[in-house]
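# Overview (structure and organization)
Residue-level listing of the chains:
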Amino acid sequence: MNLVTQVMSVEPYASAERVLWIVDNGSSHRGTKAADRLAVAFPNAVMVHTPVHASWLNQVEIYFSVVQRKVVSPNDFTDLAQVGDRLRAFEDRYNATAQPFQWKFTTSDLDDLLARLDRHTADHQEESSFRLTA
């Protein structure tokens, strides 16, 4: 929350109608409790979780899985220099052949997500108002 406080305390974020915080599913910001904590501290902030398969940690795990299967197996190196050479060769080949992928999340999908967030926020505010008057 220290970083969030720093960002949300300055313009243009402090007065923005909505600030989306895109987070992975790490333990410090997983689930509705984390989203609720953010919304209470900063009503214009909305936490959006990336899909588990798209988290940065998952991407790192996928990369190292590829390295394990295609680069360092079988583990028959005679010294560390040989491992380094193999890893650098893999990096060069991977970078030369890598292709960008097509996102399937369209602008229409984003519009739908924002509309759902608006409805959820309105419902949450109504619940809070009801609890305060009860």
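So, here's what we can say about the structure. (Residues numbered from 1 in each chain as written. Predicted model: local features only at pLDDT ≥ 70, side-chain atom pairs only at ≥ 80, totals over all residues. Heavy atoms only, no water.)

Per the secondary structure count, the protein chain includes five helices and two strands. Its helices and strands in sequence order give the protein chain the pattern α-β-α-β-α-α-α, from N to C terminus. Counting the 134 residues in the protein chain, one finds 19% classified as buried. Counting every atom, the protein chain has about 10,700 Å² of accessible surface; 58% of that belongs to carbon and sulfur. (Helix = DSSP H or I, 4+ residues; strand = E, 2+ residues; numbered from the N terminus. Buried < 20%, exposed > 50% of the residue type's maximum accessible area, 1.4 Å probe, protein only. Areas by Shrake-Rupley, 256 points an atom, 1.4 Å probe, with all protein chains shown as cover.)

So, about the packing of aromatic side chains. Under the criterion given, the structure shown has four aromatic pairs. Both rings, one in Tyr63 and one in Phe64, keep their centres 5.7 Å apart while their planes meet at 75°; by these two values the pair is edge-to-face. For Phe64, a relative accessible area of 53% translates into the label exposed. With a centroid separation of 5.9 Å and an interplanar angle of 85°, the aromatic rings of Tyr63 and Tyr94 are classed as edge-to-face. (Phe/Tyr/Trp six-rings, centres within 6.5 Å; stacked < 30°, edge-to-face > 60°.)

What follows deals with the nonpolar core. Counting residues in each nonpolar core, the largest one holds 10 residues, listed as Val4, Met8, Val19, Trp21, Val23, Ala34, Leu38, Phe42, Ala45 and Met47. Sorting elements by how many residues they give to this core places strand 1 (residues 19-23) first, with three residues. Among all residues touching Leu38, those that are not within four sequence positions of it are Met1, Val4, Trp21, Ala45, Val46 and Met47. By size, the runner-up hydrophobic cluster in this structure holds six residues, among which are Val67, Val72, Phe77 and Phe90. (Core = buried A, V, L, I, M, F, W, Y, C linked by side-chain atoms within 4.5 Å. Contact = heavy atoms within 4.5 Å.)

Moving on, we get to the pairing of strand 1. Burial along strand 1 is one-sided: Val19, Trp21 and Val23 are buried, and none of Leu20 and Ile22, which face the opposite way, are. With five bridges connecting them, strand 1 and strand 2 (residues 45-49) associate as parallel partners. Residue pairing in the sheet places Trp21 in a bridge with Met47 of strand 2. (Pairing = 2+ DSSP bridges.)

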